[in-house]
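Structure at a glance
So you can see what is in the structure, the chains are spelled out below.
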Amino acid sequence: AKSIHKEWLETLIRSCLVASHHKKNITCVIEQIDSLETLINKPFTLDIPIQKQIIDMLLESVSYDNTKLITVDRHGTILSINASWSDLVINELIFTPIHEPQLPKEYAKIITEKTDAILVHINSEHQNHFVAHQGKIIENVTIDQTLKLIKNLLYKKDNESSLSQGINHDPSKSTSFTSFYKN
């Protein structure tokens, strides 16, 4: 189970990409250290390690709502499916008129500005894929770039804690959201 679970991010993104070819949009929020409890309403909690058969079954289910969210944690556990933005997040946009196609990006900006969450939106119209982190939206990314970017963001904290412990002081090894995108 450990070796299967090690590749959880690839499994998740691959399954989301397949679902997008079946005209489904997927918005996946990866919760890191900051809790998203007050920002996302979860209809139920799953707490299941990501596995290809399970994520495929959930995405193919008639009860899956592609206007809702999938939440996972940074260790590859599915926390919930068909989750929605809380009123707290929705009310952030109440005074600004926003066209509906732009809503996923605006919600992504809000949620990632206020937390360390990573949001991935995989759209059935492939030119509309994006990744959000720290209030920034990276558009027009390939799936390979998306995987590399998310891995850098997820494991950056692990690298930074190693740096602070004196294990590696090479500044060329540090990663940031903006430096990744420039490469």
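Quick look at the structure, then. (Residues numbered from 1 in each chain as written. Predicted model: local features only at pLDDT ≥ 70, side-chain atom pairs only at ≥ 80, totals over all residues. Heavy atoms only, no water.)

A short note on unusual backbone geometry
Just so we agree on the cut-off: Each helix is a run of DSSP H or I of at least 4 residues and each strand a run of E of at least 2, with the numbering of both proceeding from the N terminus. We call a residue buried when its accessible area falls under 20% of the maximum for its residue type, exposed when it is over 50%, and partly exposed in between, using a 1.4 Å probe and counting protein chains only.
The backbone phi angle of Asp-47 is positive, close to 55 degrees, even though this residue is not glycine. With respect to the secondary-structure elements, Asp-47 resides in the loop between β2 (40–41) and β3 (48–49). By relative accessible area, Asp-47 is classed as exposed at 54%. One non-glycine residue, Asn-140, lies in positive phi territory at about 55 degrees. For Asn-140, the position within the fold is in the loop between β8 (136–139) and α6 (143–164).

So, the side chain of Glu-31
The test is simple: Any two residues whose heavy atoms approach within 4.5 Å are treated as being in contact.
Here Glu-31 shows up in strand β1 (residues 26–31). Once you skip the residues sitting within four places of it in the chain, Glu-31 turns out to touch Leu-36, Lys-42, Val-72, Asp-73, Arg-74 and Leu-79.

Some points on the pairing of strand β5 (residues 77–85)
Selection rule: Think of it this way: DSSP has to see at least two bridges between two strands before they count as a pair.
Burial analysis of β5 places eight of its nine residues in the buried class, the great majority of the element. Judged from the two bridges that link them, β2 and β5 form a sheet pairing that is antiparallel. The residue bridging Asn-41 from the neighbouring strand is Ser-84, located in β5. As paired elements, β3 and β5 share two bridges and run antiparallel to each other. Bridged to Pro-49 within β5 is Thr-77.

Remarks on the layout of surface pockets
As a reminder, the rule being used: Here the term cavity refers to a set of points on a 1 Å grid, laid over the protein atoms alone, in which a 1.4 Å probe fits but cannot get out; the term pocket refers to an open set having protein on both sides within 12 Å along at least five of seven lines, with lining residues being those that place an atom within 4 Å of a point. Grid points are joined across faces, edges and corners, and a volume is the space filled by probe spheres set on the points. Three categories are distinguished: nonpolar for Ala, Val, Leu, Ile, Met, Phe, Trp, Tyr, Cys and Pro, charged for Asp, Glu, Lys and Arg, and polar for the others, with Gly belonging to the last.
Considered as a void within the structure, the largest pocket measures approximately 580 Å³ in volume. Considering the residues around the largest pocket, the lining is formed by 22 residues, among which Glu-100, Pro-101, Leu-103, Pro-104 and His-121 are closest to the centre. Mapped onto the lining of the largest pocket, the elements with two or more residues apiece are β5, α5 (103–114) and β6 (118–122). Top contributing element to the lining of the largest pocket by residue count: α5, with four residues. When the residues that make up the lining of the largest pocket are grouped by side-chain class, the tally is nine nonpolar, nine polar and four charged.

Some details on helix α2 (residues 8–21)
This is how the line gets drawn: Take the number of residues in a helix, subtract one, and multiply by 1.5 Å to get its expected span.
Given a rise of 1.5 Å per residue, 14 residues ought to cover 20 Å, and the 20 Å separating the end C-alpha atoms of α2 matches this to within 8%. The element α2 is extensively covered by neighbouring structure, given that ten of its 14 residues are classed as buried. Among the residues of α2, those classed as buried are Trp-8, Leu-9, Glu-10, Thr-11, Leu-12, Ile-13, Ser-15, Cys-16, Ala-19 and Ser-20. Looking at the residues trailing α2, positive phi occurs at Lys-23, about 65 degrees.

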